[in-house]
Amino acid sequence: MTKQTWRQNSRNHVKTEDFSIQRSYSPKSEDLFRLHIPRYFKNNIDFSNSSDPLLMQVMPSQFELLKTDDFSNDPVGDLHAKKTKGVIHKYHGRVLLIATGTCAINCRYCFRRSFPYSQNSASAQNWKKAIEYLNNNQDVHEVILSGGDPLMLSTKVLNNLTTQLHTIPHIKTLRIHTRTPLVSPTRITENFLNWLKDVSLKKVMVLHSNHAQELRDDLKPVLNRISQTQTLLLNQSVLLKGINDNSTALANLSHRLFEFGILPYYLNQLDKVQGAAHFQVSNKQAKLIHKELLATLPGYLVPKLVEEIPGKKNKSPLN
Ligand SMILES: *Cc1c(COP(=O)(O)O)cnc(C)c1O
Ligand code: SF4
């Protein structure tokens, strides 16, 4: 797969006509957050089914235009935790780098829909500020690449970062938060895999899948090859009304993830970002679903149910 082909695959491949039979589709919502669906993900959508769990994650809907009290533009308080360009240090021992502002897919429920990420990425200026910050903070041992989606950066830019990380003795772990391998798997090139294999830190990749239908058999070899670089594969999901807000769907997802060599990590309560209120599941319902999961699955297949409360030192368990 050449770079050119991946660019082609990662472009938005959905057109307004694709949504023509959907009653809740609203092109106006695209002005608030751009429509962006890569080819691979598009091919797995059933456009004739208004409750298709993949469609619902990405279709601009009229409900996004509703203003909801209690929902805001920076629900997780990231603007306040920013240390320097693209560096967010909220939790002990680990620093999150906003690698880039873009993603391979635009998920309608994402808090990124209203966060000014483009002015805040750490990859601009060759990671200079981020490396400076890491060098000066000895108690940081883990670097988390997030965004946006760090796999939108070229392998060369990623390599530039890890080459510099290798020179900082207190950095032990590289974690990559990405949805790209699951929604645009052609990004996982030979070149990318060679880079990852050569990273001598401990490596964790936290994927993002919300429904078992996202995990088709043809992804198996891709994930296998990532595992073979000695990278631990985890998954985080967002609890989403109408998509995965029942224990059957989530148990199926956990089993499916396990078949792919991925362990469930977090089940996140929705961040209260303006325009996403129609995806919200109440805390009461969330806890009930989680209880059912505990009663159904082996412990290692139950994700931790958490919410992000601004100002807290960790993701907060709901219990
Ligand atoms: C979620 C998050 C992390 C990682 O938290 P873990 O509980 O280790 O997964 C780190 N920094 C920030 C700013 C985060 O939002
Ligand atoms: S891939 Fe992740 S960061 Fe990007 S839009 Fe989706 S949920 Fe948000």
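These numbers come from a predicted model, not from an experiment.

The rules behind each value
- Residues numbered from 1 in each chain as written.
- Chains lettered and ligands numbered in written order.
- Predicted model: local features only at pLDDT ≥ 70, side-chain atom pairs only at ≥ 80, totals over all residues.
- Heavy atoms only, no water.
- Helix = DSSP H or I, 4+ residues; strand = E, 2+ residues; numbered from the N terminus.
- Phe/Tyr/Trp six-rings, centres within 6.5 Å; stacked < 30°, edge-to-face > 60°.
- Buried < 20%, exposed > 50% of the residue type's maximum accessible area, 1.4 Å probe, protein only.
- Lys NZ or Arg CZ within 6 Å of the ring centre and 35° of its normal.

*Asks:* Got a minute to help me understand the environment of L288 in this structure?
*Replies:* With respect to the element layout, L288 can be found in helix α12 (residues 283-296). The spacing of L288 and I226 is 62 residues in sequence and 34 Å in space, taken between C-alpha atoms.

*Asks:* Sorry if this is basic, but what is going on with the packing of aromatic side chains here?
*Replies:* Given two aromatic rings, their pairing is described by the distance between the two centres and the angle made by the two planes. Tallied over the entire structure, the rule returns six aromatic pairs. Ring geometry for F192 and W195: centres 5.4 Å apart, planes at 50°, overall tilted. Of this pair, F192 and W195 both sit in helix α9 (residues 190-198), three residues apart, which is roughly one turn of the helix. The burial state of F192 is the same as that of W195; both residues are buried. Pairing F258 with Y300 gives two aromatic rings, centres 5.5 Å apart and planes at 55°, and the pair type is tilted. Of this pair, F258 sits in helix α11 (residues 247-259) while Y300 sits in the loop between α12 and β9 (304-307), and the two are 42 residues apart along the sequence. Among the residues examined, F258 registers a relative accessible area of 43% and is labelled partly exposed. Here a set of aromatic residues connected by ring pairs shows up, and it is made of F19, Y25 and F47. Its end group placed over the ring of F260, K220 keeps NZ or CZ at 5.3 Å from the ring centre.

Don't take any of this as a statement about function, it's just geometry.
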